[in-house]
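A look at the structure
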Amino acid sequence: MATLKPFKFSLNVITNYLFDLFYKYNFGNLCIWLGYHLQYLVVDTKDVECILATNPLVNKSDIYKLLHPWLGEGLITSSGAKWQKHRKMITPSFNFNILNSIQDVMKTNSEKFIGKLKEISRSDNIFDFQEVVNNLTLDVICETAMCVSINALDNPHSDFVLAVKFMCYNSYKRLIHPIKRYELLYRLYPEYWEYRKQLQIYKDFIYGIIDKRIEAKKSSQNTNPSNEQENEFRRRKLFFLDSLLEATVDGRPLTRKEIYDEVATLMFAGHDTTTSSITFAIYLLSRHVDIQQKVLEEQNRIMAGNLKGNATLQDLNEMKYLDCVIKESMRIYPPVLFFGRHVEKEYNLNGKIIPAHTSLLIFVIAMNYNEAIYPDPYRFDPQRFDADQRTTTQNPFEYVPFGGGQRNCIGQKFAMLEVKTVISKIVRNFQILAPEDGLESKDGYISTLYGPQRARAPKPDKYVPTLLHAITLRAENGLYLRLRERE
Ligand code: HEM
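Treat the numbers as computed from the prediction; the structure is a model and nothing was measured.

The helix and strand tally for the chain stands at 19 helices and 14 strands. The C-alpha atoms of the chain give a radius of gyration of 23 Å, which matches the 23 Å a tight globule of 487 residues would have. Across its three principal directions, the C-alpha atoms of the chain cover 70 × 60 × 50 Å. For the chain, long-range pairs separated by at least 24 residues make up 74% of all intrachain contacts whose partners lie at least 6 apart in sequence.

Below is the structure:
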């Protein structure tokens, strides 16, 4: 492992800095100081396999502690026996029946979303697509996790919507800040008080929903089940909050705080990631006209006769080319850039001894640009993920946008369902255009501010995304494009 000196970072240059380091050290693992923290950045496939599967580490790295005041000890942030029990308890909530009922939530919300896009994109208007998608995914996750409609698409400035956005953005910035990471030191910054205020709004809202749901459950138990009107609780049993209210751990129901932690966690994990995935896939389609055309041809074939309608689960399963586009898009712009594990006791990483009490960060974005695995990595080429072209010698741990092993993403199927539903609908309804004519890729390569591609095309247009490099990937400068309604 190469060892480097401490570095002074700024939010805008961190991605660039890390990209350059990975090239300099030939895509080997790196060891860097982040403030006072020594971090091991792991990119070697065999080492990733070791950490996730062969000699698995399941406890999360210290970096996640910063999320505790917000997400408590939910699935993402908990460790040890608590994580194991809760994972076992929550896994059935993601079964096939629930995916089916979630699809209904997605259908209604995506229809509304298309209506919103029609309004916003009138007269070839250029707009920030990322912002609108974020409102959609928030609506979807609120309805599926808590059974409430917050209608962020129509009310993007409500207190709760602003609090969610504040908490996500604030946590990203703190996570990579050497001083603000510590709650005690963070108190010295004036913004701390805004953080406390927003956190309170967030908690009050979610606790309010939980309390109402507990009441609804009690009254549904006390009344005659044949009564149609009061049976709303039973009819909607398949939603996450309801399954948490029914669940038990160690033979007892979950406490109110435990329920809050899991709901807050799903809210966070289940919307920012899908926003990122949908946004960057649509961005790439806006710049790669030939690939957009192929996606449309597949849509026309599968959805023939129902072009403006809703895709069924079976239709979505048949959209193999769209699948490849989403996978390739998540290779170029992985929604989760890295995830971490804590080393409790000295750990043998394929012969490299990692001392106790250190953090290992699996650096997904760097893995995805390794030329030894992805020749010509700056080319947007969905064909790479075509099942017929993948060889059996490929290691599944080469590509881990959803993590891997026992602690992989529990919402992977949910996510793919949502992302596919939304992209499929957009492509069938709109021609996706770059913000100005002439910005489309001429050679199949992406325009980027990072890595050697920067030297190849030194002056990308002003709409090329500046990647905000912190847990979930987003475009710091927004993601601007145009949509033109199809006949
Ligand atoms: C494109 C979308 C998504 C991506 C790329 C993604 C990626 C990931 C990754 C990389 C992890 C960490 C795995 C690890 O530490 O090994 C994770 C964990 C998790 N994800 Fe997702 N995720 C997505 C969507 C979702 C959705 C929609 C939900 C819920 C509705 C969700 C819920 C979770 C939870 C609860 C965990 C923690 C699992 C555990 O530690 O047991 N994710 N996700």
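Text resumes after the structure shown.
Surveying the vicinity of the ligand reveals 23 residues, the closest of which are Gly270, Thr273, Gly403, Cys409 and Gly411. Listed by contribution, the elements that provide at least two residues to the shell around the ligand are helix H12 (256–269), helix H13 (272–287) and helix H18 (412–429). Counted by class, the shell around the ligand contains 13 nonpolar, 8 polar and 2 charged residues.

In this section: the environment of Arg181. Inspection of the secondary structure assignment puts Arg181 in the loop between helix H7 (159–175) and helix H8 (183–186). In this structure Arg181 comes out as partly exposed when scored by C-beta crowding, with 19 C-beta atoms within 10 Å. Each C-alpha atom, one on Arg181 and one on Ser171, is 8.8 Å from the other, the two residues being 10 residues apart in sequence. Each residue touching Arg181, except ones within four places of it in the same chain, is listed here: Leu66, Arg174 and Leu175.

The next subject is the nonpolar core. In this structure, Val42, Val263, Ile362 and Phe363 are the most contacted members of the largest nonpolar core, which totals 127 residues. Element by element, the count of residues in this core is highest for helix H6 (residues 129–146), at 10 residues.

Phi angles above zero are rare outside glycine, and Ser123 is one such case at about 55 degrees. Relative to the elements of secondary structure, Ser123 occurs in the loop between helix H5 (96–120) and strand S4 (127–128). On the neighbour-count criterion, Ser123 (6 C-beta atoms within 10 Å) is exposed. Positive phi values are uncommon outside glycine, yet Asp124 reaches one of about 55 degrees.

The next thing to look at is helix H9 (residues 191–222). In a regular helix each residue adds 1.5 Å, so 32 residues correspond to 46 Å; H9 covers 47 Å between its end C-alpha atoms and thus fits that length. The set of residues buried in H9 consists of Tyr195, Gln198, Tyr202, Phe205, Ile206, Ile209 and Arg213. Summarising the contacts, the buried residues of H9 are in contact with H6, H7, helix H11 (240–246) and H12.

This next bit is on the packing of helix H14 (residues 289–302) against H18. Angle between the axes and distance between the axes are the two parameters that describe a pair of packed helices. Close contact between H14 and H18 brings their axes to 10 Å; oriented N to C, the two are set at 95 degrees. Taken together, the axis directions place H14 and H18 in an arrangement best described as roughly perpendicular. Along the contact surface, H14 presents Val295, Leu296 and Gln299, while H18 presents Ser424, Val427 and Arg428. Here the residues of the contact of H14 with H18 sort into 3 nonpolar, 2 polar and 1 charged.

Taken in spatial order, the 3 strands line up as S4-S14-S11 in an open sheet, and their pairing is antiparallel. Strand pairing shows two members of the sheet lacking a second neighbour, S4 and strand S11 (430–433), which therefore form its edges. Sheet analysis places S11 next to strand S14 (residues 480–485), joined by 4 bridges and oriented antiparallel. Its bridge partner being in S14, Phe430 is matched across the sheet by Glu485. Of the strands in this sheet, S11 and S14 are in contact with H13, which crosses S11 at around 80 degrees.

What follows covers the pairing of strand S10 (residues 358–363). Across the 6 residues of S10, 5 count as buried, placing the element largely inside the fold. In this structure, strand S7 (residues 338–343) lies alongside S10, joined through 6 bridges in antiparallel fashion. If you follow Gly340 over to S10, its bridge partner there is Leu361.

This next bit is on the environment of Ile114. The topology assignment puts Ile114 in helix H5. Ile114 sits in the partly exposed class, given 19 other C-beta atoms within 10 Å. Considering only alpha carbons, one finds Ile114 and Ile426, 312 residues apart in sequence, at a separation of 7.1 Å. The residues contacting Ile114, other than those within four sequence positions of it, are Lys425 and Asn429.

Next up on the list: the environment of Asp381. Of note, Asp381 is situated in the loop between helix H17 (364–367) and H18. Considering only alpha carbons, one finds Asp381 and Asp47, 334 residues apart in sequence, at a separation of 26 Å. Discounting chain neighbours no more than four positions away, the residues touching Asp381 are Glu328 and Gly444.

How each quantity is defined
Residues numbered from 1 in each chain as written. Predicted model: local features only at pLDDT ≥ 70, side-chain atom pairs only at ≥ 80, totals over all residues. Helix = DSSP H or I, 4+ residues; strand = E, 2+ residues; numbered from the N terminus. Rg over C-alpha atoms; globule rule 2.2 N^0.38 Å. Contact = placed C-beta atoms within 7 Å. Near = placed C-beta within 6 Å. Nonpolar A, V, L, I, M, F, W, Y, C, P; charged D, E, K, R; others polar. Buried ≥ 20, exposed ≤ 12 C-beta atoms within 10 Å, placed from the backbone. Core = buried A, V, L, I, M, F, W, Y, C linked by C-beta atoms within 7 Å. Expected span 1.5 Å × (residues − 1). Axes fitted to C-alpha atoms, helices over the stretch in contact; angles between N-to-C directions. Parallel < 35°, antiparallel > 145°, perpendicular 65-115°, else oblique. Pairing = 2+ DSSP bridges.

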